[in-house]
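For reference, the chains in residue letters:
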Amino acid sequence: METNPALAGVTCTDCDESFDAAAATGRCPDCGGILDVEYDLDALDVSRETFENRSERSQWRYRELLPFAREAAVTTNEGGTPLVPVPELAAEFGVEAVYVKDEGRNPTGTIDDRAQSVAATAAREAGATDVALASTGDDGQSAAAYAARAGLESHTFVPTRASFTNKAMVNVHGGDMSVVEGRIGDADAAFADAVAEHDDWHPVQVFSTPFAHEGLKTAYFEVAEALDWSAPDHVVHPTGRGAGLHAIATAAREFADLGLVDSVPAVHAAQAEGCAPIVRAFEEGRDGHEPWEAPDTICGRIEIPDPTGSALALAAVRETGGDAVAAPDPEILEGATSLAESAGLELGASSGASVAAAYALAERDAFASDDVLVLVNAGAGSKDDDILRSHLMGKGI
Ligand SMILES: [Zn+2]
């Protein structure tokens, strides 16, 4: 494996056991827990200038905090997405600044490209021939693209409700796709059965390998550098499996530990009221979630009734002093369409949750007048054109 020399290994988030990164590429071999990548930060010789002086604009700009060598990277220049100011929202919330981190600008229109770049690199470095995942849609499309880039076969399990665009593009990338009757839980189960049958398939779903959620960290590194090496006060993230929250908190800690940035932001979870297991667990003071009985939201990307990473997501929120907010679908869709209309930004339907949650946090007086907010848009609005337009039509527009 062509790894980053500072890569220390992978550590189980449940039992704390550590393993060689080449030996543990899925879940914990001892207990089945989620594995996280660890670095020897003391061995890293990096400063702000290390990154500033680099012409690379992709997420591999931050290669010292990614597990693999730059030369090994499977990449189509994901990352380098803009942090777009939205002064109208800043005025409305009475804060210093509000930005949208626009992850819809990635190669396949989603933040998942960051994850799939690193996961496909891991799979190729491990000598895999096939990768597999269950997906609500976006990460399946992304995985098919990066598998194609890496010369690997991909197997994607999506529920029937996944969008036409996602399904079509998995095919366009030459991926093998199973459309599973039902919802994401059914696709997850079909994926688990298939992986049990094909032990040579390399999992690339977030939390099924340490290397997918690891890639999501780079969105935060870009935010901190764009803010002239300072942490925003708040990051609001649309939340399904919980990988984004965990990655932002991990990245913020790494940059702070390296002395690159002085503080860490409060990380807030944004879910849909029709499927909010992480918000409910947060409100009830629990460390993990109870599966959501009857999920019902138009926001397919974040309709995850049984989120694998809930404990990590809850820890990320609590340890950073964040909050967790569930918003009704109409408010989420209004969040996305209002920014399309007022700021020219194209947020995915589910990412309207970031906007809706920010309004709720403002109501709770969570923001101070000198605060800087970052709302994460996890996917391109044009992938959800039908949902967004239906919302407007529902208002008689
Ligand atoms: Zn373990």
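Residues numbered from 1 in each chain as written. Predicted model: local features only at pLDDT ≥ 70, side-chain atom pairs only at ≥ 80, totals over all residues. Heavy atoms only, no water.

Visitor: Sorry, what's going on with the side chain of Thr250 here?
Guide: Inspection of the secondary structure assignment puts Thr250 in helix 9 (residues 243-257). Of the residues examined, Thr250 reaches a relative accessible area of 12% and is grouped as buried. Polar side-chain contacts of Thr250 include one of 2.7 Å to the backbone oxygen of His246. (Helix = DSSP H or I, 4+ residues; strand = E, 2+ residues; numbered from the N terminus. Buried < 20%, exposed > 50% of the residue type's maximum accessible area, 1.4 Å probe, protein only. Polar contact = N/O pair within 3.5 Å; in protein donor to acceptor, adjacent residues only side chain to side chain.)

Visitor: Just checking my understanding: could you explain the coordination of the zinc ion for this structure?
Guide: Metal coordination angles have textbook ideals: 109.5 degrees for a tetrahedral set of four donors and 90 or 180 degrees for an octahedral set of six. Every protein donor of the zinc ion is accounted for by Cys12 (SG), Cys15 (SG), Cys28 (SG) and Cys31 (SG), and the metal-donor separations fall at 2.3 Å. Taken together, the 4 donor atoms coordinating the zinc ion span angles of 100 to 117° at the metal, a pattern that classifies the geometry as tetrahedral. All donor residues of the zinc ion come from one chain, and their arrangement in sequence is C-x2-C-x12-C-x2-C. Residue Cys12 is located in strand 1 (residues 7-12), and its partner Cys31 is located in the loop between strand 2 (18-19) and strand 3 (35-39); the two are separated by 19 residues in the primary sequence. For Cys31, a relative accessible area of 41% puts it in the partly exposed group. (Donors = N, O, S within 2.8 Å, 3.2 Å for Na, K, Ca; no water. Tetrahedral: all angles 85-135°; square planar, octahedral: opposite > 155°, others 65-115°.)

Visitor: How do you make sense of the domain arrangement of the protein chain when you look at a structure like this?
Guide: Accessible area lost upon the coming together of the parts is a frequently used measure of interface size. Domain annotation of the protein chain identifies domain 1 (83-110 + 216-394) and domain 2 (112-209). The centre of domain 1, based on its C-alpha atoms, is set 24 Å off from the matching centre of domain 2. Buried surface at the junction of domain 1 and domain 2, both sides included, amounts to about 2000 Å², of which 48% is carbon and sulfur. Summed over the shared surface of domain 1 and domain 2, the number is 8 salt bridges. Seen at the junction of domain 1 and domain 2, the total is 16 residue pairs in polar contact (both at pLDDT 80 or more). Contributions of two or more residues to the side of domain 1 that touches domain 2 are made by helix 8 (218-226) and helix 9. Of the residues assigned to the side of domain 1 that touches domain 2, the class counts are 10 nonpolar, 12 polar and 8 charged. (Domains from an automatic or database assignment. Buried area = accessible area lost by both parts, 1.4 Å probe. Salt bridge = Lys/Arg side-chain N within 4 Å of Asp/Glu carboxyl O. Nonpolar A, V, L, I, M, F, W, Y, C, P; charged D, E, K, R; others polar.)

Visitor: Where do I start with the packing of helix 4 (residues 138-150) against helix 5 (residues 164-172) in this structure?
Guide: Pairs of packed helices are described in terms of their axes, by the angle between the two and the distance that separates them. In the contact formed by helix 4 and helix 5, the axes pass within 8 Å of each other and the chain directions differ by 15°. Judged by the inter-axis angle, helix 4 sits roughly parallel to helix 5. Where helix 4 crosses over helix 5, the handedness of that crossing is left-handed. Between helix 4 and helix 5, the contacting residues are Asp138, Gly140, Gln141 and Ala144 on the first element and Thr165, Asn166, Met169 and Val170 on the second. In terms of residue class, the contact of helix 4 with helix 5 is made up of 3 nonpolar, 4 polar and 1 charged. (Axes fitted to C-alpha atoms, helices over the stretch in contact; angles between N-to-C directions. Parallel < 35°, antiparallel > 145°, perpendicular 65-115°, else oblique. Left-handed = near helix turned anticlockwise from the far one by under 90°. Contact = heavy atoms within 4.5 Å.)

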